[in-house]
Amino acid sequence: MADKRLSLDHITVTDTTPWQLAQIAAEVGCEGICPFLHSMEVLPAMPSYDLVRDPQALRQTRDALAATGVKVDLIYPFTMAGRTNVADFAPALETGAALGAPLANVLCYDRDPVRRTEKLIELADLAVPFGIALSIEFYPPSQVRTLSAALEEITRAGRPDIKVTADLLHIMRGGEADTSMALLRHPAIAIAQISDGPATIDPSRIEHEAGIQRLLPGQGSFNITAFEQTLNPNTPLSVEIPQQKQIDAGTTPQQRAQNAVDCVKEVVRRTR
């Protein structure tokens, strides 16, 4: 595992604050975290907090990062819709810079392709002074649904500081699994996200699966070995496995994180 950096995604332990996330990541052997800067209504288990508007919460998170040595690899949420005012993201980017974040995860819901690209460029420009690059997360319910679509978006933008978040779940649900797998060594891929799931799922359950309940590696049908082996060796691997059923069963966040990380490590070990 020495050559594979692991990061703990917030929705793996969605019922934690960012400072608790950093502490748990250190305990379970992750070098990085991917936190939400503020709580989200679509993630009902997430406690109420706001690093952007609450200096004490930001200070607690920075203290936890300093105490553990854990780094921030990616920050959420940056959701771009048709009516989005890009300038409104400036405080979130400033907060991300205070945490040392190198990447802001972007979901694109704008239906107008020209405006969508223009706003991505505008957001990339806004992020430059903060030392943050963008990372498009392709997602079937969004307007950038596949890895190939994300790479096309980057080509249109013409920006080396717009990259890609490659989630195995979204590859499997996006309808272009073989094509996407073949593109995983593309240099624009900045971080990969790993989980497992059944081979198929009712389309109405895609959003629930993505944010609320996924399977641990080895519990489903995804070709995780091929995914991990095809990625560039230096691509960080984010453990992104929400487990609402285990939350409901009373399993602690630390134990859920440990189970997820152990399963990921076992899959990676088998590929070596």
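Provided above is the structure to which this section pertains.
First, a word on scope: everything that follows refers to the structure included in this document. Fair warning: this is a prediction, and the values are worked out from it, not measured in the lab. (Residues numbered from 1 in each chain as written. Predicted model: local features only at pLDDT ≥ 70, side-chain atom pairs only at ≥ 80, totals over all residues. Heavy atoms only, no water.)

1. Concerning the side chain of R256
In this structure, R256 sits in helix α11 (residues 253-271). Judged by its relative accessible area of 1%, R256 falls in the buried class. Leave out the neighbours within four places in its chain, and R256 touches T12, V13, D15, Q243, Q246, I247 and T251. (Helix = DSSP H or I, 4+ residues; strand = E, 2+ residues; numbered from the N terminus. Buried < 20%, exposed > 50% of the residue type's maximum accessible area, 1.4 Å probe, protein only. Contact = heavy atoms within 4.5 Å.)

2. Side note on the pattern of salt bridges
All told, the structure shown has 13 salt bridges when counted by the stated rule. Among the salt bridges present, the one from D110 reaches R115, with a minimum N-O distance of 2.7 Å. On the accessibility criterion, R115 (33% relative accessible area) is partly exposed. Connected via shared salt-bridge partners are R5, E31 and D73. (Salt bridge = Lys/Arg side-chain N within 4 Å of Asp/Glu carboxyl O.)

3. Some points on helix α1 (residues 18-28)
Taken together, the buried positions of α1 are occupied by P18, W19, L21, A22, I24, A25 and V28. Positioned one or two residues after α1, G29 has a phi angle of 90 degrees, which is positive.

4. Some details on the packing of helix α4 (residues 113-127) against helix α5 (residues 147-157)
For the pair α4 and α5, interaxial distance at closest approach is 10 Å and the crossing angle is 70 degrees. Classified by the interaxial angle, the pair formed by α4 and α5 is roughly perpendicular. Judged by the sense of rotation from one axis to the other, the crossing of α4 with α5 is right-handed. Listed contacts from α5 to P113, R116, T117, L120 and I121 of α4 are E153, R156 and A157. Tallied by class, the residues present in the contact of α4 with α5 amount to 4 nonpolar, 1 polar and 3 charged. (Axes fitted to C-alpha atoms, helices over the stretch in contact; angles between N-to-C directions. Parallel < 35°, antiparallel > 145°, perpendicular 65-115°, else oblique. Left-handed = near helix turned anticlockwise from the far one by under 90°. Nonpolar A, V, L, I, M, F, W, Y, C, P; charged D, E, K, R; others polar.)

5. Let's talk about unusual backbone geometry
For the peptide bond that leads from Y76 to P77, omega is -15 degrees, which places it in the cis range. Within the element layout of this structure, P77 appears in strand β4 (residues 75-80).

6. A short note on the side chain of S135
Relative to the helices and strands, S135 is located in strand β6 (residues 133-137). The residues touching S135, leaving out its near neighbours within four places in the chain, are L74, L103, A104, N105, V106, K163, V164, T165 and A190.

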